[in-house]
Each structure stands twice: as structure tokens, then as C-alpha cells.
Amino acid sequence: MVLSLLSFVFFAPLVDADRGMIPVSPEVSVYEPGQKAIVAWNGAEEILILSTGVSASGETLVVELIPLPSKPQVEAASFTSFEEVQSLIWREV
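Residues numbered from 1 in each chain as written. Predicted model: local features only at pLDDT ≥ 70, side-chain atom pairs only at ≥ 80, totals over all residues. Heavy atoms only, no water.

### With respect to the overall build of the protein
Next, step 1: In terms of regular secondary structure, the protein is built from two helices and four strands.
Next, step 2: When the helices and strands of the protein are placed in sequence order, the string is α-β-β-β-β-α.
Next, step 3: Counting every position in the protein, which comprises 93 residues, the buried fraction comes to 5%.
Next, step 4: At a minimum sequence separation of 6, the contacts of the protein that also span at least 24 residues come to 62%.
Next, step 5: For the protein, the exposed surface amounts to about 8300 Å²; the carbon and sulfur share of it is 61%. (Helix = DSSP H or I, 4+ residues; strand = E, 2+ residues; numbered from the N terminus. Buried < 20%, exposed > 50% of the residue type's maximum accessible area, 1.4 Å probe, protein only. Contact = heavy atoms within 4.5 Å. Areas by Shrake-Rupley, 256 points an atom, 1.4 Å probe, with all protein chains shown as cover.)

Structure below.
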């Protein structure tokens, strides 16, 4: 017990906690080569729009884990959001 706790503390700084995908078929490898995000905050409410590129070595279902500080309200978003933000940035450059 103590040994496992010590190994957890030792390796904890090496762990990335942004997102994880576990394939249902263990022989299939899942890759996430890219991520795009928009974070909007008005002083009281934060909105996160997240887009990820995912590929796999074969067909499988995956379980996705995203650590968040509270239970989020999840809605589908359009890729148009990213195009709008890009045009706002280019207008200011």
C-alpha cells in the first residue's frame, strides 16, 4: 500500500490530465494528433468549445475522460465558431 502510494506521488508530475481515451478493443491504438479550443469568459461564466482530431488503427468504440472541475452542460457546437474567431484575429492583425 505504501509502495503504491509513493510510486503515485513520484510519477504524478509526469501525467497529463487534459483528456484520455480508452479503446474498448485493446488491440486498437487511438491517436489524437491535434486539438483546437476556444475559451470564452465573461467574468461569471466560462464556455469551452473543443475540437479534436482523432484517428485509430482500426474500428473500435472508446471511453473518453475529460477532467473538469464541475458537471458541465454539454452541447454540440459548429466548426463555424473557429472560423469566426480566426476572422476576428485576422481583423486585429
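Now that the structure has been shown, the text picks up again.
### Some details on a nonpolar patch on the surface
Next, step 1: A cluster of nonpolar side chains, namely I22, V24, L61, V63 and L65, defines an oily patch on the protein surface of about 480 Å² accessible area.
Next, step 2: Inspection of the secondary structure puts V63 in strand 4 (residues 62–65). (Patch = residues over 30% accessible without salt bridge, like charges linked within 9 Å, V, L, I, M, F, W, Y side chains within 5 Å. Salt bridge = Lys/Arg side-chain N within 4 Å of Asp/Glu carboxyl O.)

### Re the layout of surface pockets
One way to see where empty space is left: roll a probe the size of a water molecule over the atoms.
Next, step 1: The computed volume of the largest pocket comes to approximately 840 Å³.
Next, step 2: Along its surface, the largest pocket is lined by 22 residues, and L48, I49, P72, Q73 and V74 are the ones closest to its centre.
Next, step 3: If you tally residues by element for the lining of the largest pocket, the top one is strand 3 (residues 46–56), at six residues.
Next, step 4: The residue makeup of the lining of the largest pocket, split by class, is 14 nonpolar, four polar and four charged. (1 Å grid on protein atoms, 1.4 Å probe; cavity = no way out; pocket = protein on both sides within 12 Å on 5 of 7 lines; lining within 4 Å. Points joined across faces, edges and corners; volume = space filled by probe spheres on them. Nonpolar A, V, L, I, M, F, W, Y, C, P; charged D, E, K, R; others polar.)

### A closer look at the pairing of strand 3
Next, step 1: Two strands pair when backbone bridges link them, and strand 2 (residues 30–41) and strand 3 are joined in this way by ten bridges, in the antiparallel orientation. Across the sheet, residue G34 finds its bridge partner in strand 3, namely G53.
Next, step 2: Between strand 2 and strand 3, which pair antiparallel and follow one another directly, the connecting turn spans four residues, one of which, G43, has a positive phi of 100 degrees. (Pairing = 2+ DSSP bridges.)

### Focus: the environment of T52
Next, step 1: Along the polypeptide, T52 turns up in strand 3.
Next, step 2: Sequence-wise, T52 and E32 are 20 residues apart; in three dimensions their C-alpha atoms are separated by 7.0 Å.

### Observations concerning the confidence of the model for the protein
Next, step 1: With 80% of its residues at a pLDDT of at least 70, the protein reaches an overall mean of 80.
Next, step 2: Taken element by element, the predicted model of the protein shows its lowest mean pLDDT in helix 1 (residues 2–11) (54) and its highest in helix 2 (residues 80–92) (90). (pLDDT = per-residue confidence, 0-100.)

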